[in-house]
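Close look at the chain arrangement
Letter by letter, the chains look like this.
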Amino acid sequence: MLAVIDSELQLSMILARKARELEVYSQVVPHNVTKEQLSALEPEGIVISGSPDPLVCPDVSDLIERGILDLGIPVVCVNCKAPGVPSIHYVPGSYEWEQAFSEFLFSVCSCRKDWTVQGFIERSIKEIKSLIGDGRAISGLSGGVDSSVASRLVQEAIGDRLTCIFVDTGLLRKGEPDDVRRIFGEGFKMNLKMVDASERFLTALKGITDPEEKRKIIGGEFINVFQDEAAKLRDEAGFLVQGTLYSDVLESQAHAGTGGSRVKSHHNVGGLPETVQFELVEPLRYLFKDEVRAIGRELGIPHHILDRHPFPGPGFGVRIVGEINEESLEIAREANAIVEEEIRRAGLYNELWQAFAVVLDIRSVGVSSGMRTYERPVVVRVVTGHDGMTCDWGKLPYEVMEKISSRITHEVKGVNRVVYDITPKPPGTIEWE
């Protein structure tokens, strides 16, 4: 096991992920970790993480003053400095850097290669069984990567004592509810409860155009719907499954680096009222996104679910500028489906971070069959990147752009113009609202 002491989160996550790629389990611990806390983790090696910028070399001698070296565990610095501690110079993509890191893990620390997908699944199933016992659990299954993998892991542990709740907000991608029913209900034989709340959401959003207000309403309604359904099962189920990832934990500074199980539980789940209490089950809490996808593949979840581009929680609520109604939703669903279909057909889907359609609340003049039209434009938004924090606009081949435009204007009723967004992030954001 490798302990990564965090001084700069970006590099700490890179180092932790690199160790796991080499099949060595790693945990990121906060910079103020004590000698006693580190010792309790029983690491085979310690990395003090500095800055990914070679021009920035922070002084981390305070760790040495706290007695880290007294543990007798091999320690190395990466782009930081501390007296008496060797260092490795981090160079992204460099063979020399990766070789030096590998030598530290295996030649210096004698780390064990015991971090594998199958090993994680076996350990998690045992831990979930121990935690839940003969009890029952519920899961909010959205059809996304994280909730899908978390639900499958818990199903492997407790079978039909897991009830999955899928809330159809009416703001989802084309065919998504049917896809969830077919894959998880019929395919994996999950105890799946489908809740059609589309009319409820449309009613709540009627006349609303402010993007922040739309987000607030969608989030609030989702919590209300889920809490209503969860409350019906409270007497039967005492556990709630969530797909929290390690990056979520680290980025919220909720460092859990003092060891323990990879399945945690606590009360008063955020968003639910105090009268509806569950113990929380987070089987993915110490996993990065790529590891979650690998586990999903091992559990038989289809590739098109695992490799799907990120989709915002409010759904098309943030991809329709202005008021949301049946007409704008139909345009968004159909246009978005065409964008994804053509990107996949061109073999570009897995090379892109996101590709989708945005519906604008304006009209433009056009011509169809010799007649004047006055209809909506659709924006095609395609971005490349690795984490969504910074992105560039996607340079699609002209023939792909032309095919997308032609199909949308001919097949989607109410659209007579397609425009292409060439704004990177920053200054723009990925989503329009």
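This is a predicted model, so every value here is computed, not measured. (Residues numbered from 1 in each chain as written. Predicted model: local features only at pLDDT ≥ 70, side-chain atom pairs only at ≥ 80, totals over all residues. Heavy atoms only, no water.)

This part covers the side chain of E44. Within the secondary structure, E44 is located in the loop between α2 (35–41) and β3 (45–49). Overall, E44 belongs to the buried group, its relative accessible area being 16%. Here R112 takes part through its side chain, which lies 2.9 Å from a polar atom of the side chain of E44. Setting aside residues up to four positions removed in sequence, E44 forms contacts with M1, I73, P74, C109, S110, C111 and R112. (Helix = DSSP H or I, 4+ residues; strand = E, 2+ residues; numbered from the N terminus. Buried < 20%, exposed > 50% of the residue type's maximum accessible area, 1.4 Å probe, protein only. Polar contact = N/O pair within 3.5 Å; in protein donor to acceptor, adjacent residues only side chain to side chain. Contact = heavy atoms within 4.5 Å.)

Moving on, we get to the packing of helix α13 (residues 326–345) against helix α14 (residues 398–411). Axis separation between α13 and α14 bottoms out at 10 Å; the angle between their running directions is 150 degrees. Relative to α14, α13 is oriented roughly antiparallel. The chirality of how α13 crosses α14 is right-handed. Counting all contacts with α13, which are made through A335, I338, V339, E341, E342, I343 and R345, the residues of α14 involved are V400, K403, I404, R407, I408 and E411. (Axes fitted to C-alpha atoms, helices over the stretch in contact; angles between N-to-C directions. Parallel < 35°, antiparallel > 145°, perpendicular 65-115°, else oblique. Left-handed = near helix turned anticlockwise from the far one by under 90°.)

In this section: the packing of aromatic side chains. Here a ring pair, both rings aromatic, is described through the centre-centre distance and the interplanar angle of the planes. Across all of its chains, the model carries 10 aromatic pairs by this definition. Measuring from centroid to centroid gives 6.4 Å for F222 and F226, while their planes differ by 10 degrees, and the two rings are stacked. Here the residue F222 and the residue F226 both occupy positions in helix α9 (residues 211–233), the gap between them amounting to 4 residues, near one helical turn. Here the aromatic rings of Y246 and F288 are separated by 5.4 Å at their centres, their planes lie at 55 degrees, and the arrangement is tilted. You can see Y246 sitting in helix α10 (residues 246–251) and its partner F288 sitting in the loop between β10 (279–281) and α11 (289–298), a full 42 residues away along the chain. Each member of the pair, Y246 as well as F288, carries the same accessibility label: buried. One aromatic cluster in this structure is built from Y25, W115 and F120. The positively charged end of R344 is found above the aromatic ring belonging to Y349, 3.7 Å away from the centroid. (Phe/Tyr/Trp six-rings, centres within 6.5 Å; stacked < 30°, edge-to-face > 60°. Lys NZ or Arg CZ within 6 Å of the ring centre and 35° of its normal.)

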